[in-house]
Amino acid sequence: MEKVTGISRRELMRAMSLGAAALSVRGLKALALEQPGAWAGFRSAAINATNLAIQDFKLKAFFSDVQIMAVAAIGGKLNGPELAPVMLAELTRAKVPTNIAQAFSAAVSEAWHEWRVGVSVPGLPWYPAFAAFPGPMAPPMPNVPMPIGACVSRGLGALQIDSLANRIVTKLGTAAASTEAKSAVRDFAMWFSLSFTVWSMSAPVMLVMGKGPVPTFAPPYVPVGPVVMGDIIAAPGHLMNGVFGLPEAPTFVIYNQMDTTVGPTTQAKLVNGSIRVAQATTELEGTVRLGFRANPNAHLTIQDGRAVLGKAPSPVRLGGIRRAGDATGAVMARPLSSSSLPGPFTTLHGEGKLEVTFGEVTLGLPHGMANVKPDGAISFTGGSLPVLGAPFVVGPGSRLTASELALHGFVNFPVTPVTDVVLNFTQRGVRGTGKVNAFGHLITLNLYRNTRFMLAGSGEYAGKGTAWQGVPGAPGLEFQAANPRISLSISGPTISPLLRIGKLTVRSVATKPDGSHWSQADLVDVAVTPTPTGPVPIPWPNLPQPTDIFAASRQAAQQAANLLPPGPRASALAKALQEFPSPPAIPKPPATSTFKVGSILG
């Protein structure tokens, strides 16, 4: 009699004489694992348990410690329960052997934990209303829903097929020695990886309530401003929508080559990795380069990422092997014939590290999402990076074609972010526009690349000026600002405001008998730099002390009045002083006085 794996000859003899009850616990487990199709059942139970655990996670998950700067949500972390308790309970209920239940639960939970703790928000435009909010404090407002895949995670690699399969096999130990066990584990890892990819690209992060102060709000002159150093309300419900889990372990076809057209013009080539086809889903894992035959210097590479391709009929060149599950869940491989190749592809949705190249410009996004659009353009979004020296946050609408790279998003300058930015890179150069809500006014900037290959731009708002009003700290003086304008200029990482006043006039309140003012002085083309929050120091001209131009006339009138009798004399002297007054003492104004920019612009 031959020995069966894990059961000794002695145990078999005892079983024949005493019955199955005499078998050791180790022997019973070994017999259970050797039953045909046992591992297919374990795999199915693990899939069900994973679905339940992630459903529980989604209901309880929430973001915290996210910082808000204008429209952008930055940093933070994703919180939620571990998957192991729910998975282990469900696997135990399904009568999966304890060691196998513990191995699957621990491995999947650990991989999910690595992904979760690595999640952060890469400056996504979640709060467009916070670019210019009309109040001192923006109340809680929900974010613009975006897929969880738009967030970055340094732990994403833990959920890839090989990493997850190896982790499960390590946890199983000798229980994973058989071919059937390894095949079941591999199929589970494939199912999990593909399910995660589809879920991450479709499950919205929503109802993240953001709020924060608006430090530049100062009505009536500055009626709106951006939220600065805002935060969010950490509460469950941020991931409650979106279904996780594809149907039970589909048959996979594995390809290791791809060179095809996606959509009408986009070329897609697999640089490294593999493509898995499961029923109607085609998933790529690895590095893929998307480009255009019309311009080899325009391309986008998704590095160490994932992508889902949509199929429709057109030629495609692929190569690889077929992996098909038999009734027991074991995996077989055989060469593919050209007639079995899938295709064509009309759409591609991917995520990972993005490298966007257009001519001499190369941009690297630590993590982003890319899509091939129906018109052949490659759209992408997600993440912050320096663009021509400026802190740019790439938002929805950014796209690459053979003739142009268009970046949409905002420049995240502190206190004064530039929103609604569109930068167009072409063979002729870089041009674009953006908007700044500065000092209570919306200013459009014209953007370009300067000779130092830095982002540059400028724009201004022309104000109405001020009415005559008192000079602070100088009773008896008044001023008027005519033709004021606020200008903004960008140079790489900085944005600089400048207030110009075409003519600043200061005069005495006291007037001469003819209505003209005793003293007046002007400053022409005054240029001052406001602080980021709005106060601006206004310099004052020095007013000359007036001469006594009526001295001779007044003296003559007084002498004539003194010749009159006492009664008319007093009246005549008063009239002499009224018609020929002495000049008043003109106060000296302070060197500068501080005003809100809005009060000067009018």
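Residues numbered from 1 in each chain as written. Predicted model: local features only at pLDDT ≥ 70, side-chain atom pairs only at ≥ 80, totals over all residues. Heavy atoms only, no water.

Caption draft 1: Geometry of the packing of aromatic side chains. What the rule picks out here adds up to 26 aromatic pairs. With a centroid separation of 6.3 Å and an interplanar angle of 75°, the aromatic rings of W126 and Y127 are classed as edge-to-face. This pair shows no difference in class: W126 is buried, exactly as Y127 is. A ring pair is formed by W191 and F192, whose centres lie 6.3 Å apart and whose planes are at 70°; its orientation type is edge-to-face. Classification of W191 as buried rests on a relative accessible area of 0%. According to the relative accessible area criterion, F192 is buried, its value standing at 1%. Here the aromatic residues F57, F104, W112, W115, F188, W191, F192, F196, W199 and F244 are joined through ring pairs into a cluster of three or more. Over the ring of W468 we find R507; its NZ or CZ atom is 3.5 Å from the centre of that ring. (Phe/Tyr/Trp six-rings, centres within 6.5 Å; stacked < 30°, edge-to-face > 60°. Buried < 20%, exposed > 50% of the residue type's maximum accessible area, 1.4 Å probe, protein only. Lys NZ or Arg CZ within 6 Å of the ring centre and 35° of its normal.)

Caption draft 2: Local environment of the nonpolar core. Ranked by internal contacts, the top residues of the largest apolar core, which has 77 residues, are L300, F380, L400, L423, F425, L499 and I538. Looking at this core element by element, the count peaks at six residues for strand β28 (residues 477-491). With sequence-adjacent residues up to four places away left out, F425 is seen in contact with F358, V361, V387, L388, S403, E404, L405, L407 and V430. (Core = buried A, V, L, I, M, F, W, Y, C linked by side-chain atoms within 4.5 Å. Helix = DSSP H or I, 4+ residues; strand = E, 2+ residues; numbered from the N terminus. Contact = heavy atoms within 4.5 Å.)

Caption draft 3: Representation of a nonpolar patch on the surface within the structure. A surface patch of nonpolar side chains, amounting to about 260 Å² of accessible area, comprises L59, L207 and M240. Mapping L207 onto the fold places it in the loop between β7 (204-205) and β8 (210-213). (Patch = residues over 30% accessible without salt bridge, like charges linked within 9 Å, V, L, I, M, F, W, Y side chains within 5 Å. Areas by Shrake-Rupley, 256 points an atom, 1.4 Å probe, with all protein chains shown as cover. Salt bridge = Lys/Arg side-chain N within 4 Å of Asp/Glu carboxyl O.)

Caption draft 4: Layout of the confidence of the model for the protein. Residues with a pLDDT of 70 or more make up 87% of the protein, whose mean pLDDT is 84. Long-range and interchain partners of residues 1-34, a stretch whose pLDDT sits below 50, account for 31 contacts in this model, where long-range means more than four residues apart. Throughout residues 312-341 the model reports pLDDT below 50, and contacts reaching past four residues in sequence, or to other chains, amount to 77 contacts. (pLDDT = per-residue confidence, 0-100.)

Caption draft 5: Examining the sheet that holds β8 more closely. Taking strand neighbours across the sheet as the criterion, the three strands line up as β4-β8-β9 in an open arrangement whose pairing is antiparallel. Edge positions in the open sheet fall to β4 (137-141) and β9 (231-232), since each of these has one partner strand only. (Pairing = 2+ DSSP bridges.)

Caption draft 6: Representation of the pattern of salt bridges in the model. The full count for this structure, using the stated rule, is 20 salt bridges. One network of salt bridges, in which partners are shared, links E110, E114, R167 and K171.

Caption draft 7: Quick look at helix α5 (residues 98-117). The end-to-end C-alpha separation of α5 is 28 Å, in line with the 28 Å expected for 20 residues at 1.5 Å each. Restricting attention to buried positions, one finds in α5 the residues I100, A101, A103, F104, S105, A107, V108, S109, A111, W112, W115 and R116. (Expected span 1.5 Å × (residues − 1).)

Caption draft 8: View of the packing of helix α4 (residues 84-93) against α5. The interhelical angle for the contact between α4 and α5, taken along N-to-C directions, is 155°, at an axis separation of 9 Å. Compared by their axis directions, α4 and α5 come out roughly antiparallel. α5 is crossed by α4, and the crossing has right-handed handedness. The segment α4 lies against α5, with A84, M87, L88 and L91 engaging A101, Q102, F104, S105, V108 and S109. Grouping the amino acids of the contact of α4 with α5 by side-chain chemistry returns seven nonpolar, three polar and no charged. (Axes fitted to C-alpha atoms, helices over the stretch in contact; angles between N-to-C directions. Parallel < 35°, antiparallel > 145°, perpendicular 65-115°, else oblique. Left-handed = near helix turned anticlockwise from the far one by under 90°. Nonpolar A, V, L, I, M, F, W, Y, C, P; charged D, E, K, R; others polar.)

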